[in-house]
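Descriptive analysis of the structure
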Amino acid sequence: MENNSPDREPVSFIDKNVLEGKPIVEPRAELITENNQEVKPKKSILFPILTVFLIIGTFFLGYFFNQTVPETSENKEVEQNKIAEQNNQSPTASVSTTKQEIKTEFLFTKDPNQDVSYDLQAWILPLDGEAQQIFLPDFSVAFKYPNNSKIFFLENKAPSSNDFDGFISVKDLTNNETKKYELIKHPKLEVNESISINNLNNIAPDGSMLVYGVFFSEPCPPITMEPGFEGGFGPCEPSPEPSLPNGDYIYDFVSKTNISFGESITVSKWDLENKKLYFIGTEYQKNGLKVMDLETKQISMVNKASTFGYGATPLLKSNFIVKIDGQTGNVSGQNSSSVLSLYNLDTKETKVLDSGRWAEIQPFVSVSPDEGKFIYIRSMLDSQGRAIYSLHSYDFKTGQIKRVTPESKTSSYSIHDNWWLDENIFITSVNETDSNYNNGKNYLVKIDLVSEQMTKLTDDGVYRFN
């Protein structure tokens, strides 16, 4: 009976010796008589027929094994080499399913004319090369995560035009394509939507969401000025729309939806893994660290502020927050102070790390990727009462604080414009002036917290970084 199964070998008529490569032994045809005596058989055609079948079967068996060779490491390597040679000879268009690795590149802007027109240029700085200018249309601000290929920027609109009001542009460096997204639109055509983005932290690291501010204005009505009047007039605001208040919004690029925060905020940290956004309200009565559920858009308080100069950042790998409390001392019963502390959200306990007078410790921190360290800014007063700033770091493992930049009257290291390369190295911007605080020069530096080395990365033409 013929065997049609593809997984089995049609060897029912093949001698086992053939399979094992042994010599073929011709079978003896024996005839047994009633007396159990051997009788030599007569010649017949059976032997030639079996021989023919044996040859044919061997041929088909060899063909079958040639088609179904088991996959071994050697066979697999040979087959891969064949495929590679075929691909090199005749490449075909295909879509790769592997995630494309994005080269770490920093975006900074220059203002070559250094005038009020702000004719800005965009530059890209790789870690292993020199900075190169890239083309962006006339823009006011531009932001890019070093490990992301997309640049978010706001285009300048032409005078007496609202073409770009309410829009943000996104350029992808992998294909040089630019797309425009209308973030918000007022129902009245004469109303202008002025969009603002504070810093890189306003953009989700994966580019899926954006926190921005909007101010609605409209042309002011004609007015007669009295002789000798000095001063400005406007801008004029439209009648309030309950669903479109001035202030900060979060825009979802996937669902193309807007949610108002109901106030102006400062973004503290994105937690995309748990779909949360931590931020700080800037209205005094509502001040504190808050969290928004990015799925439901519900907002809840994490830690309510008790002082005016409040700042906080959550540690996502533990249930602590790093916070700064500051008060001026101008209110009865209050002393001028600024306090840096760790606050345990479970036990409600506070561990003071550093303290000083009002504004000596600024309400901003920058935490390393694995939350092993953070940097903050501290100031001291010189003999003339002027503040001299420097960056300090805190090490969670050792519990030690150390100064990482010089206390200088002419060099100011930013706590805002920085990016961590790892747990010990970060990049930030520096502003240098002369002794009279004139002729400011900005550039980027790389700071190693372990070796305490500083490496200058650019010339003095940086206008803005991150």
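How each quantity is defined
- Residues numbered from 1 in each chain as written.
- Predicted model: local features only at pLDDT ≥ 70, side-chain atom pairs only at ≥ 80, totals over all residues.
- Heavy atoms only, no water.
- Buried < 20%, exposed > 50% of the residue type's maximum accessible area, 1.4 Å probe, protein only.
- Helix = DSSP H or I, 4+ residues; strand = E, 2+ residues; numbered from the N terminus.
- Pairing = 2+ DSSP bridges.
- Axes fitted to C-alpha atoms, helices over the stretch in contact; angles between N-to-C directions.
- Lys, Arg positive; Asp, Glu negative; His and termini not counted.
- Salt bridge = Lys/Arg side-chain N within 4 Å of Asp/Glu carboxyl O.
- Contact = heavy atoms within 4.5 Å.

**Notes on the pairing of strand β26 (residues 411-420)**
Within β26, 7 of the 10 residues are buried, leaving the element largely enclosed by the surrounding structure. Hairpin connection of β26 to strand β27 (residues 425-432): 4 residues between the antiparallel strands.

**Re unusual backbone geometry**
Look at K275: it is not a glycine, yet its phi comes out positive at around 55°. Among the structural elements, K275 can be located in the loop between β14 (265-271) and β15 (276-281). Looking at K275, the relative accessible area reads 40%, which means it is partly exposed. One non-glycine residue, E371, lies in positive phi territory at about 60°.

**Let's talk about the sheet that holds strand β30 (residues 462-465)**
Within a sheet, neighbouring strands are paired by backbone hydrogen bonds and run either parallel or antiparallel to one another. Across the sheet, 4 strands lie side by side as β5-β4-β3-β30; this open sheet has antiparallel pairing. Looking along the sheet, the strands with just one partner apiece sit at the ends: β5 (132-134) and β30. Averaged over all neighbouring strand pairs, the angle between strand axes comes to 40°, with direction disregarded. Pairing of strand β3 (residues 105-110) with strand β4 (residues 121-126), which is carried by 6 bridges, proceeds in the antiparallel orientation. Following the sheet pairing, F106 is matched in β4 by L125.

**Side note on the side chain of D271**
With respect to the helices and strands, D271 occurs in strand β14. Buried charge without a salt bridge: D271, with K276 as the nearest opposite-charge side chain at an N-O distance of 5.8 Å. Among all residues touching D271, those that are not within four sequence positions of it are K276, Y278 and L316.

**Quick notes on the pattern of salt bridges**
All told, the structure shown has 13 salt bridges when counted by the stated rule. In this structure, D128 and K103 form a salt bridge, with 3.4 Å as the shortest nitrogen-oxygen distance. Of this pair, D128 sits in the loop between β4 and β5 while K103 sits in the loop between α3 (73-89) and β3; the two residues are 25 residues apart in sequence, bridging distant segments of the chain. With relative accessibility at 62%, the residue D128 sits in the exposed group. Judged by its relative accessible area of 46%, K103 is partly exposed. Close ionic contact of K402 with E452 constitutes a salt bridge, the shortest N to O distance being 3.6 Å. Taken as a pair, K402 in strand β25 (residues 401-403) and E452 in the loop between β28 (441-448) and β29 (454-456) lie far apart in primary sequence, 50 residues in all. Judged by its relative accessible area of 31%, K402 falls in the partly exposed class.

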